[in-house]
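Survey of secondary and tertiary structure
As a plain string of letters, each chain reads:
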Amino acid sequence: MRKEPGPNRFVLHHIGALIFGLFFWVGISGSAAVATAQDSPDGNINNQQRKPLDLPSGGGGLDEGEESTEILPIFGKEIFANSLYLCVERSERLAGEPAQIIAMEFNDLLARMSSRARFGAVAFNNQVERFEEIPTRAIPAIKSSAVSWQNTRVTANGASLMAALENTLLLARKDIERHKAVVLIVDDRYSTGEPSLLPFLQNRRSYLDDIPIHLFFVGIEGTVGDPELETACRTLSEISRGSFNQLSFPAAPPIFPVPDGPSPCCCTPGSD
């Protein structure tokens, strides 16, 4: 006669089925969790398709220029760039103390540049002179050479702002760095016979929109600047997404001529 299963065997049979079902459910849940974690590695749900990272060409690591953007102070303004190109007017009107102050700012700016930065320099009056024909690294020896070059520039009558600006922008465009800027220091008057800057701006708007030009407009106390030149300089800084800054320097003291011969004597020999 067949023996019927007892209550203990019935309980064990159902416990085994329950354990098998539990393991099956855990396996499915674990697979879903792994799939979710692979779709969203940061643990957040993101329904948007992930985009590939914009890495520099050539493999891993950031380009040096991306990490070396510097804070470069001049005349109390901070300029953010890793390549800076200076264009400085050396006209006769800025001779004396204005030229000395500008030279001090120029030298201090170079001293604050790290060796990772690049720079260039242009000086102009009736001629245009470049420090170097290509962008240079701001290593100590090059900075020292630039200071000597700047200190030996002489002032002269006349100016050629348009030619100087074109030279500076062409120099800056030779630079491979991304964060470039131009510093332009100019007298607030056109020189006699100097061409207007407005036609240059009208013809080259698209040429100026990728390098900010920070313009320092230098006036002399007690004199009135040229309103057309001021308008042109404000437009230049605006369309290049730079800044316009006005500076005022004291006028040079008057120079009285010294007589060639000895001063005449107002008394005669033997008189009381």
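**As for the confidence of the model for the protein chain**
In this model, the protein chain carries an average pLDDT of 76, and 67% of its residues clear a pLDDT of 70 or more. Considering only residues more than four positions removed or in separate chains, one finds that residues 7–12, a stretch of pLDDT under 50, has zero contacts. Predicted confidence for residues 14–66 stays below pLDDT 50, and this span has 14 contacts to residues more than four positions away or in other chains.

**Points about the pairing of strand β9 (residues 243–249)**
Counting buried positions over the seven residues of β9 gives five, a clear majority of the element. Sheet topology places strand β8 (residues 213–220) next to β9; seven bridges connect them, and they run parallel. Bridging from a neighbouring strand, Phe216 pairs with Asn245 of β9. Note that the unit made of β8, helix α7 (residues 227–239) and β9 has a crossover that is right-handed.

**Section: the packing of helix α3 (residues 97–112) against helix α4 (residues 140–151)**
Packing of α3 against α4 leaves a shortest axis separation of 10 Å and a crossing angle of 175°. Accordingly, the angle class assigned to the pair α3 and α4 is roughly antiparallel. Residues Ala103, Phe106, Asn107, Leu110 and Ala111 of α3 pack against Lys143, Ala146, Val147, Gln150 and Asn151 of α4. Partitioned by chemical class, the residues of the contact of α3 with α4 number six nonpolar, three polar and one charged.

**A few points about the nonpolar core**
In terms of nonpolar packing, the biggest core is built from 30 residues, with Ile74, Phe75, Leu84, Met113, Val183 and Ile185 touching the most fellow members. The biggest single contributor to this core is α3, with four residues. Leu161, Val186, Leu215 and Phe217 belong to the second-largest nonpolar core, a separate cluster that totals 29 residues.

**Topic: the side chain of Asp187**
Relative to the helices and strands, Asp187 resides in strand β7 (residues 180–187). Here Asp187 falls in the buried class, since its relative accessible area comes to 4%.

**Things to note about the packing of aromatic side chains**
Considering all chains together, one arrives at four aromatic pairs under this definition. Centre to centre, the rings of Phe75 and Phe216 are 5.4 Å apart; their planes meet at 45°, and the pair counts as tilted. You can see Phe75 sitting in the loop between β1 (70–74) and β2 (77–81) and its partner Phe216 sitting in strand β8, a full 141 residues away along the chain. For Phe216, a relative accessible area of 1% gives the class buried. Seen from their ring centres, Phe119 and Phe131 are 5.9 Å apart, and the 15° between their planes marks the pair as stacked. Linking Phe119 in strand β4 (residues 118–124) with Phe131 in the loop between β5 (128–130) and β6 (136–137), this pair joins segments that are 12 residues apart in sequence. In terms of burial, Phe119 and Phe131 fall into one category: buried. These aromatic residues form a ring-pair network of at least three members: Phe119, Phe131 and Trp149.

**Topic: the side chain of Glu70**
With respect to the helices and strands, the residue Glu70 is situated in strand β1. This buried residue, Glu70, is left without a salt bridge; Arg116 holds the nearest opposite charge, at 4.3 Å. Polar side-chain contacts of Glu70 include one of 2.3 Å to the side chain of Ser114. Those residues within four positions of Glu70 in sequence are excluded, and the remaining contacts are Ile79, Phe80, Ala81, Asn82, Arg112, Met113, Ser114, Arg116 and Ala117.

**Points about unusual backbone geometry**
A positive phi angle, near 50°, is found at Phe75, a position not held by glycine. Relative accessible area serves as the criterion here: at 18%, Phe75 is assigned to the buried category. One non-glycine residue, Arg241, lies in the positive phi region at around 60°. Note on placement: Arg241 falls in the loop between α7 and β9. Take Arg241: its relative accessible area is 60%, and that puts it in the exposed class.

Rules of the game
In this convention, every chain numbers its residues from 1, walking through the sequence in written order. The model is predicted, so local features are restricted to residues of pLDDT at least 70 and side-chain atom pairs to those at 80 or more, both for listing and for counting; the totals for chains, interfaces and linings are taken over all residues. Excluding hydrogens and water, the side-chain figures rest on all heavy atoms present in the structure. pLDDT is a per-residue confidence score from the predictor, ranging from 0 to 100. The contact definition used throughout considers only heavy atoms, calling two residues in contact when any of these lie within 4.5 Å. Each residue gets one of three labels from its accessible area relative to the maximum for its type: buried under 20%, exposed over 50%, partly exposed in between, using a 1.4 Å probe on protein chains only. Helix and strand definitions here come from DSSP, where helices need a minimum of 4 consecutive H or I residues and strands a minimum of 2 consecutive E residues; each element is numbered from the N-terminal end. When DSSP finds two or more bridges between a pair of strands, those strands are recorded as paired. Every crossover in which the path from the first strand over the helix to the second runs clockwise, viewed with the strands pointing away from the viewer, is termed right-handed. Axis geometry follows a simple rule: fit a line to the C-alpha atoms, using only the stretch in contact for helices, then measure angles between N-to-C directions, giving values from 0 to 180 degrees. Any angle that falls under 35 degrees is termed roughly parallel, while one over 145 is termed roughly antiparallel, one within 65 to 115 roughly perpendicular, and all others oblique. When residue character is reported, Ala, Val, Leu, Ile, Met, Phe, Trp, Tyr, Cys and Pro are called nonpolar, Asp, Glu, Lys and Arg charged, and the others, Gly included, polar. The set of buried Ala, Val, Leu, Ile, Met, Phe, Trp, Tyr and Cys residues whose side-chain atoms join them within 4.5 Å is what this entry labels a nonpolar core. Aromatic pairing here means that ring centres of Phe, Tyr or Trp (its six-membered ring) are within 6.5 Å. Orientation follows from the plane angle: under 30 degrees is stacked, over 60 is edge-to-face, and everything else is tilted. In this tally Asp and Glu are treated as negative and Lys and Arg as positive; neither His nor the chain ends contributes. What counts as a salt bridge is simple: a side-chain nitrogen of Lys or Arg found within 4 Å of a carboxyl oxygen of Asp or Glu. Definition of a polar contact: a pair of N or O atoms within 3.5 Å, with one able to donate and the other able to accept a hydrogen when the atoms are protein atoms, and with sequence-neighbouring residues admitted only if both atoms are side-chain atoms.

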